[in-house]
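# Topology and contacts: notes
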Amino acid sequence: MQWLGRRESSNVEDRRGMSGGTLLKGGGIVGVLVYLVSTFLGGGEIDPSKIPGLAAPSSQSAPLSPAEQSKDEERAKFVKVVLAETEDVWNEIFTASGNRYQEPTLVLFRDGVESACGSASSASGPFYCPGDAKLYVDLSFYQELQERFNVAGDFPMAYVVAHEVGHHIQNLMGTAEKVNRLRSQLSETEFNRYSVMMELQADFYAGVWANHTQKLKNNLDPGDIDEALNAANAIGDDNLQKQATGHITPDAFTHGTSAQRIYWFKKGYTTGDIKQGDTFNDPSLQ
Ligand SMILES: [Zn+2]
């Protein structure tokens, strides 16, 4: 993606230098009963907070070396530009339908963070909290994509930001609240199905963004879309579960399979039309 020298969003809270505060032992996110927290990664039964090796660091990680610091700074700039590009696209889409887009805030953090949805650690991966309309990103996830998921290039991180912004769109449209209300009425397995529909719609919105940003700015490089599809493939629930447990439990899927994540991102990208993203009534997901 072409991003150097482009506008960086000012809707950013940089908390990288701050301590995570009262991080709960074991990591993960607490407070999910109040708000539907939307993470980027699923995997169902492999909730990162339940895996000892992936639990939150009990103390802060080592300070960054100067080389790491400049890499971190470059990644921060990149996600700020991506956020700005999502603002331009969603402002245009909302305005075209006679609405006003309320821009979300991006919180950059390291190790741990406090949100209106509770405490979270880096182990949770990037997430969106509807309670404060903020996206939370620890830039170390950038590295995790490359090392743990073997996903190359810069565009996967753009997909991550666009996916979390997709959850913000669901928040603005009232979808998040509707699904959140179902939480207390459904069994976990039933609710997981709704979670999958939410997540795939966020992937779809990320694809819609990619379509529009290319039309508006001509800023995608050849290969960007393939990079995003590669990432979608790597982080499907079936793939994550197989890696973590050696088997697949479809009832525990919360984000969708690799094939589904690819399908919905691609559908958003090829149509660019938010009306095509009704995952809740799609026959393939019933
Ligand atoms: Zn998500």
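These lines cover the structure that appears in this document, whether it is placed above or below. Treat the numbers as computed from the prediction; the structure is a model and nothing was measured. (Residues numbered from 1 in each chain as written. Predicted model: local features only at pLDDT ≥ 70, side-chain atom pairs only at ≥ 80, totals over all residues. Heavy atoms only, no water.)

It is worth spelling out helix α1 (residues 66-96) at this point. With 31 residues, α1 should reach 45 Å at 1.5 Å per residue; the first-to-last C-alpha distance of 45 Å fits that figure. Just downstream of α1 lies Gly 98, where phi reads positive at about 80°. (Helix = DSSP H or I, 4+ residues; strand = E, 2+ residues; numbered from the N terminus. Expected span 1.5 Å × (residues − 1).)

So, on to the pairing of strand β7 (residues 134-138). The side chains of a regular strand alternate, residue by residue, between the two faces of the sheet. Here β7 lies mainly inside the structure; five of its five residues are buried. Residues Lys 134, Tyr 136 and Asp 138 line one face of β7 and the alternating positions Leu 135 and Val 137 line the opposite face, and both faces are buried. In this structure, strand β3 (residues 105-109) lies alongside β7, joined through five bridges in parallel fashion. Counterpart to Phe 109 in the pairing with β7 is Asp 138. Here three bridges tie strand β6 (residues 127-129) to β7, and the two strands are oriented antiparallel to one another. (Buried < 20%, exposed > 50% of the residue type's maximum accessible area, 1.4 Å probe, protein only. Pairing = 2+ DSSP bridges.)

What follows deals with the coordination of the zinc ion. Distances from the zinc ion to its protein donors, Thr 39 (O), His 163 (NE2), His 167 (NE2) and Glu 199 (OE), fall within 1.9 to 2.3 Å. Note that the zinc ion binds four donor atoms; their angles at the metal cover 95 to 137°, and the shape is irregular. For the zinc ion, the donor residues sit on a single chain with the sequence spacing T-x123-H-x3-H-x31-E. Linking Thr 39 in strand β2 (residues 38-39) with His 163 in helix α3 (residues 155-173), this pair joins segments that are 124 residues apart in sequence. (Donors = N, O, S within 2.8 Å, 3.2 Å for Na, K, Ca; no water. Tetrahedral: all angles 85-135°; square planar, octahedral: opposite > 155°, others 65-115°.)

This part takes up the environment of Asn 150. You can see Asn 150 is positioned in the loop between α2 (140-147) and α3. For the pair Asn 150 and Ala 231, spaced 81 residues apart in sequence, the C-alpha separation works out to 8.5 Å.

This part takes up the sheet that holds strand β1 (residues 12-14). Strand order in the open sheet formed by five strands is β1-β3-β7-β6-β2, with mixed pairing between adjacent strands. At either end of the open sheet lies a strand with only one pairing partner, and these are β1 and β2. Running at roughly 165° to β3, α1 makes contact with β1 and β3 of the sheet. (Contact = heavy atoms within 4.5 Å. Axes fitted to C-alpha atoms, helices over the stretch in contact; angles between N-to-C directions.)

Take the packing of helix α4 (residues 175-182) against helix α5 (residues 188-217) next. What describes two packed helices is the angle between their axes and the distance between those same axes. It is the contact of α4 with α5, at a shortest axis distance of 10 Å, that shows an interaxial angle of 165°. Classified by the angle their axes make, α4 and α5 are roughly antiparallel. For α4 against α5, the interelement crossing comes out left-handed. Contact with α4, carried on its side by Thr 175, Ala 176, Val 179 and Leu 182, involves Phe 191, Tyr 194, Met 198 and Gln 201 of α5 and no other residues of that element. (Parallel < 35°, antiparallel > 145°, perpendicular 65-115°, else oblique. Left-handed = near helix turned anticlockwise from the far one by under 90°.)

Here the structure, examined in full by the defined rule, presents 13 aromatic pairs. With a centroid separation of 6.4 Å and an interplanar angle of 80°, the aromatic rings of Trp 90 and Phe 94 are classed as edge-to-face. Here the residue Trp 90 and the residue Phe 94 both occupy positions in helix α1, the gap between them amounting to four residues, near one helical turn. The buried category is assigned to Phe 94, whose relative accessible area is 9%. Arranged with centres 5.1 Å apart and planes meeting at 50°, the rings of Phe 94 and Tyr 101 form a pair that is tilted. The same class applies to Phe 94 as to Tyr 101, namely buried. (Phe/Tyr/Trp six-rings, centres within 6.5 Å; stacked < 30°, edge-to-face > 60°.)

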